[in-house]
Amino acid sequence: MHMSISVAVSGASGYVGGEVLRVFSAHPEVEFGALTAHSSAGDALGVHQPHLRHLAERVIVDTTPENLAGHDVVVLALPHGSSAEIAAQLPPETLVIDCGADHRLVSAEAWGEYYGGEHAGTWPYGMPELITPGGRQRDALPGATRIAVPGCNVTAVTLALQPGVAAGVVDPTDIVAVLANGYSGAGKKLALPYLASEALGNAQPYAVGGSHRHIPEILQNLESAGASEARISFTPTLVPMARGILATVTAPLRGSVEAVRSAWEEAYADEPFVHLLPEGQWPTTAATLGANTALMQVAVDGKARRVVVVAAIDNLVKGTAGAALQSMNVALGLPETTGLSTIGVAP
Ligand SMILES: NC(=O)c1ccc[n+]([C@@H]2O[C@H](COP(=O)([O-])OP(=O)(O)OC[C@H]3O[C@@H](n4cnc5c(N)ncnc54)[C@H](OP(=O)(O)O)[C@@H]3O)[C@@H](O)[C@H]2O)c1
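Residues numbered from 1 in each chain as written. Predicted model: local features only at pLDDT ≥ 70, side-chain atom pairs only at ≥ 80, totals over all residues. Heavy atoms only, no water.

### Focus on the overall build of the protein
The criterion, for reference: In this text, helices come from DSSP runs of H or I with a minimum length of four residues, and strands from runs of E with a minimum of two, each type numbered from the N-terminal end. Atoms counted for the radius of gyration: C-alpha only. Globule rule: 2.2 Å times residue count to the power 0.38. Only protein chains enter the accessibility calculation, which uses a 1.4 Å probe. A residue is then buried if its area is under 20% of the maximum for its type, exposed if over 50%, and partly exposed in between. Two residues form a contact once any of their heavy atoms are found within 4.5 Å. The method behind every accessible area is Shrake-Rupley, applied with a 1.4 Å probe, and residues are considered shielded solely by the protein chains displayed. Charged-residue counts in this description rest on Lys and Arg as positive and Asp and Glu as negative, His and the chain ends being excluded. Working definition for charges: the position is that of NZ of Lys, CZ of Arg, CG of Asp or CD of Glu.
Scanning the protein from N- to C-terminus turns up 10 helices and 15 strands. A globule of 347 residues ought to have a C-alpha radius of gyration of about 20 Å, and the protein, at 19 Å, matches this closely. Structurally, the protein occupies a C-alpha span of about 60 × 50 × 40 Å along its principal axes. Scored against the burial criterion, the 347 residues of the protein give a buried share of 56%. The long-range fraction of contacts in the protein, counting pairs at least 24 apart against all pairs at least 6 apart in sequence, stands at 69%. Within the structure as shown, the protein displays about 14200 Å² of accessible surface, and the carbon and sulfur contribution to it stands at 56%. Each charge sign in the protein was given a centre, from 18 positive and 32 negative side chains, and these centres are 6 Å apart.

Pasting the structure below:
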């Protein structure tokens with residue numbers, strides 16, 4: 001049976017909005033309705049997203065409840081703080097998928113500490129693979145009409161470490177994560193560190209020392225996976241690539257070395273998009289570009305007594321737009337993989 005799902009995309013001129021339009025275009029049931037944004041309203045989409053030829057002549061309109069009304073699905077790809085206000089004005093039966101941070105955190109206190117301002121509330125979390133006390137987060141998504149898509153760094157670190165946390169083979173109170181990040185993670189905004197003269201041939205750390213906003217969301221996920229207490233030292237590093245995250249995540253080994261690999265194998269054996277690579281093969285960001293995949297490898301550093309996981313994702317696909325589509329499929333009762341590709345772009 002062919003059903004048609006009308007999808008409005010808000011933030012259509014931005015990096016995430018553009019990727020939502022690209023990724024959702026491969027879904028056989030999706031038809032795009034309103035494409036909305038802010039300062040670019042009135043422009044043809046092709047001015048801002050020249051790679052989306054099939055939508056080049058569509059005109060961007062203002063982000064208003066009126067323009068977003070009457071769709072089955074509304075995807076919000078707006079700066080954090082903007083989506084809660086607009087979402088509150090959309091009908092309860094519309095499936096609203098927020099790619100921003102406004103509805104991800106359970107703790108209002110953590111929201112206040114890391115983002116500031118009033119907490120907008122908590123929506124069902126759009127990471128189907130997340131290990132939860134009862135099973136997986138996908139069990140909580142069918143029929144949902146509000147979904148909070150995870151942060152991109154959060155996706156990489158959570159998927160990297162949750163099997164070890166759930167199996168009890170790592171100590172979650174001493175996690176260290178260092179990430180190499182592509183620049184699209186920062187959005188299209190203009191700022192000094194993002195100029196080519198600063199970025200090319202350079203690697204720049206940012207939000208060092210525990211200030212990054214993704215920290216409470218990572219801890220929330222690892223607690224979902226079974227940690228009674230989790231602590232992380234988290235350091236992202238901008239490296240000269242447009243897309244991609246390579247996360248190196250380590251934690252002290254608990255128990256036997258033999259139990260480590262099987263924890264990851266078992267956690268992801270049936271996952272269509274999260275793949276533990278064959279032993280000895282390490283993930284690269286390039287292998288995930290354009291694909292809704294998370295690729296990883298796990299090793300034990302015997303002398304350091306630490307488990308080391310390296311995970312790669314495309315921040316704009318598995319890190320955002322792909323997760324949004326995957327969660328939409330589950331919410332609407334469609335096969336979870338519909339329209340989603342595991343095929344990357346190489347070289
Ligand atoms: N980039 C990533 O890898 C990534 C990954 C996961 C989640 N996210 C989240 O996704 C959201 C979008 O990120 P992005 O990287 O796409 O940012 P971006 O490239 O800067 O795009 C922002 C978009 O929001 C629109 N906008 C800005 N202010 C607005 C307002 N007051 N009302 C309505 N629209 C407004 C902009 O429209 P105009 O251009 O017309 O002004 C633009 O379309 C953010 O919350 C971000 O944290 C990003």
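### Description of the sheet that holds strand E1 (residues 5-10)
Think of a sheet as strands paired side by side through backbone hydrogen bonds, with each pair either parallel or antiparallel. Filter applied, for reference: Here a strand pair is declared whenever DSSP counts at least two bridges between the two strands. To obtain an axis, a line is fitted to C-alpha atoms, over the contacting stretch when the element is a helix, and the angle between two such axes runs from 0 to 180 degrees between their N-to-C directions.
Within the open sheet, the 6 strands sit side by side as E3-E2-E1-E4-E5-E8. Their pairing is parallel. The open sheet is flanked by strand E3 (61-62) and strand E8 (146-148), the only strands paired with a single partner. Relative to E3, strand E2 (residues 30-37) runs parallel, the two being bridged by 2 bridges. Across the sheet, the residue bridging to alanine 37 is aspartate 62, located in E3. Sheet contacts for helix H1 (residues 15-24): E1, E2 and strand E4 (73-76); angle to E2, the most-contacted strand, approximately 170°.

### Overview of the domain arrangement of the protein
We apply this condition: In this entry, domain limits derive from an automatic or database-based domain assignment. Note on definitions: buried area is the accessible-area loss of two parts on being combined, 1.4 Å probe, summed for both. Salt bridge, as applied in this entry: a Lys or Arg side-chain nitrogen positioned within 4 Å of an Asp or Glu carboxyl oxygen.
According to the domain assignment, the protein contains domain 1 (5-149 + 318-331) and domain 2 (153-317). A straight line from the C-alpha centre of domain 1 to that of domain 2 covers 23 Å. Counting residues at the interface gives 33 residues for domain 1 and 38 residues for domain 2. Of the roughly 2700 Å² buried between domain 1 and domain 2, counting both surfaces, carbon and sulfur atoms make up 53%. On the domain 1 side of the interface with domain 2, the three residues burying the most area are Tyr15, Tyr114 and Lys318, jointly 28% of the side's total. Along the contact surface separating domain 1 from domain 2 lie 4 salt bridges. Residues arginine 136 and glutamate 271 are paired through a salt bridge, measuring 3.7 Å at the closest nitrogen-oxygen approach.

### Some thoughts on the site of the ligand
Going by this rule: Think of it this way: one heavy atom of a residue within 4 Å of a molecule or strand is enough to make that residue near it. Any N or O atom pair separated by 3.5 Å or less is treated as a polar contact, with the protein-specific requirement of one donor-capable and one acceptor-capable atom, and with residues adjacent in sequence counted only for side-chain atom pairs.
The immediate surroundings of the ligand are formed by 28 residues, with Ser13, Val16, Ser39, Ser40 and Leu78 found nearest. Serine 39 places a polar side-chain atom, nitrogen or oxygen, 2.7 Å from an oxygen atom of the ligand. Here an oxygen atom of the ligand sits 2.8 Å away from a polar atom, N or O, in the side chain of asparagine 315. Taken by itself the ligand offers 900 Å² of open surface, and the protein chains cover 80% of this.

### Things to note about helix H10 (residues 317-331)
Applicable threshold: Expected helix span is computed as 1.5 Å times (number of residues minus one).
With 15 residues, H10 should reach 21 Å at 1.5 Å per residue; the first-to-last C-alpha distance of 18 Å falls well below that figure. Among the 15 residues in H10, 15 count as buried, and that is most of the element. Phi turns positive, to about 80°, at glycine 333, one or two residues after H10.

### Digging into the pairing of E2
Note the threshold: A clockwise path from the first strand over the helix to the second, with the strands pointing away from the viewer, defines a right-handed crossover.
Burial of E2 is extensive: 7 of the 8 residues sit out of reach of the surface. By the bridge criterion, 5 bridges tie E1 to E2 in an arrangement that is parallel. When the bridges of E2 are listed, serine 10 appears paired with threonine 36. Regarding the hand of the β-α-β motif, the stretch spanning E1, H1 and E2 is right-handed.

### Some details on H1
Of all 10 residues that make up H1, 7 are buried, and the element is covered over most of its length. Of all the residues in H1, the buried ones are Gly17, Gly18, Glu19, Val20, Leu21, Val23 and Phe24.

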